[in-house]
Amino acid sequence: GMKMDDKPIDGPKNNPMMPIAWVRTYTGTAGKPARIFATTMGAATDLMAEGTRRMLVNAAYWCQHMEDKIAEKSNVELVGEYKPSDFRGGGYIRDLKPEDFAMKPEQKPAK
């Protein structure tokens, strides 16, 4: 399903069940190992969930070998207003550009 509390679908459509996130250590041609994180999450609406944001922040720490810096409850609150359009049912909005999402001066956090 598309909601956090949806139950897994039984049957061949979800067999085998696929992970939503995974990690890997990869050694490149220079012989230096790198940590890799991948996820199928990432639609704009996925970032509305605190758990998704926490997963991405924690993964960034892990990729940088900073597991000891991962707090039990890091602050993953959104900064500013965030209202993503839904990608289903005609939620896509045509012709938007990155500058259309820029914060207005009155929305910027104080330094």
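A brief structural summary. (Residues numbered from 1 in each chain as written. Predicted model: local features only at pLDDT ≥ 70, side-chain atom pairs only at ≥ 80, totals over all residues. Heavy atoms only, no water.)

The next thing to look at is the overall build of the chain. Check the secondary structure of the chain and you find one helix and two strands. Along the chain, from the amino end to the carboxyl end, the secondary structure elements read β-β-α. Every one of the 111 residues in the chain was classed for burial, and the buried ones make up 10%. Put simply, 35% of the contacts in the chain that link residues at least 6 apart link residues at least 24 apart. (Helix = DSSP H or I, 4+ residues; strand = E, 2+ residues; numbered from the N terminus. Buried < 20%, exposed > 50% of the residue type's maximum accessible area, 1.4 Å probe, protein only. Contact = heavy atoms within 4.5 Å.)

The end-to-end C-alpha distance of helix H1 (residues 50–63) is 20 Å, a good match for the 20 Å that 14 residues give at a rise of 1.5 Å each. Every buried residue of H1 is accounted for by Thr52, Arg53, Arg54, Asn58, Ala59 and Trp62. Buried residues in H1 make contact with strand E1 (21–27) and strand E2 (33–39). Histidine 65, located one to two residues past H1, shows a positive phi value of around 60°. (Expected span 1.5 Å × (residues − 1).)

Turning our attention to the pairing of E2. Direction of pairing for E1 relative to E2: antiparallel, over a ladder of seven bridges. Bridge pairing in E2 links arginine 24 to isoleucine 36. Joining the antiparallel neighbours E1 and E2 is a turn of five residues, in which glycine 31 adopts a positive phi near 85°. (Pairing = 2+ DSSP bridges.)

A separate point is the pattern of salt bridges. For the structure shown, the criterion picks out four salt bridges. Here arginine 35 ties to glutamate 67 by a salt bridge, and the two come within 2.6 Å at their closest N and O atoms. A residue pair is termed long-range when its members are at least 10 positions apart, and arginine 35 in strand E2 and glutamate 67 in the segment after H1 qualify at 32 residues. With a relative accessible area of 34%, glutamate 67 lands in the partly exposed category. A salt bridge links glutamate 50 to arginine 54; its shortest N-O distance comes to 2.5 Å. Pair noted here: glutamate 50 and arginine 54 are both in helix H1, with a separation of four residues, about one helical turn. By sharing partners, the salt bridges in this structure join Glu50, Arg54 and Lys73 into a single network. (Salt bridge = Lys/Arg side-chain N within 4 Å of Asp/Glu carboxyl O.)

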